[in-house]
Amino acid sequence: MNDEQIQFMMVNILKQLAMIPTDDLETYVSDIESNNQRFENIGAILDPTSYRNALHTGELENAKAMLKITKLMLDARRAIDEREVLVKKYQQKRIDND
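Since the structure is predicted, the reported quantities are computational estimates derived from the model, not experimental observations. (Residues numbered from 1 in each chain as written. Predicted model: local features only at pLDDT ≥ 70, side-chain atom pairs only at ≥ 80, totals over all residues. Heavy atoms only, no water.)

Colleague: Please provide a residue-by-residue account of the packing of helix 1 (residues 3-18) against helix 4 (residues 59-97), values included.
Modeller: Running from amino to carboxyl end, helix 1 crosses helix 4 at an angle of 65°, the nearest separation of the two axes being 11 Å. In terms of crossing hand, the pair formed by helix 1 and helix 4 is right-handed. Counted together, Met 9, Met 10, Ile 13, Leu 14, Leu 17 and Ala 18 of helix 1 and Met 66, Ile 69, Thr 70, Met 73 and Arg 77 of helix 4 form the full contact between these two elements. Broken down by class, the residue content of the contact of helix 1 with helix 4 amounts to nine nonpolar, one polar and one charged. (Axes fitted to C-alpha atoms, helices over the stretch in contact; angles between N-to-C directions. Helix = DSSP H or I, 4+ residues; strand = E, 2+ residues; numbered from the N terminus. Left-handed = near helix turned anticlockwise from the far one by under 90°. Contact = heavy atoms within 4.5 Å. Nonpolar A, V, L, I, M, F, W, Y, C, P; charged D, E, K, R; others polar.)

Structure, rendered in structure tokens:
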């Protein structure tokens, strides 16, 4: 992937994540993380064919990478939300002082 393709992917991910409420996104990320861990821990026992296929096609590693990206974007969103709270707080202080 070149820089332009990476930037395009980042913008698309951000657009999609921005449409999901933060609480819902946190729940989704937690659920996916649990599912991935469960699949890694017991997938070879319960469904060896799917597990082997996921390893050979890179599907498992891709899922981990996408989850990592989503978690980082969620962290960025939390930071933006925290900043907005601070901005509103200081705007209110300014109004109160005038």
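Colleague: Which residues make up the side chain of Asn 36, and what values go with them?
Modeller: Structurally, the position occupied by Asn 36 is in helix 2 (residues 22-46). Residue Asn 36 is classed as buried on the basis of its relative accessible area, which comes to 14%. Apart from residues no more than four positions distant in its own chain, Asn 36 is found in contact with Ala 63, Lys 64 and Leu 67. (Buried < 20%, exposed > 50% of the residue type's maximum accessible area, 1.4 Å probe, protein only.)

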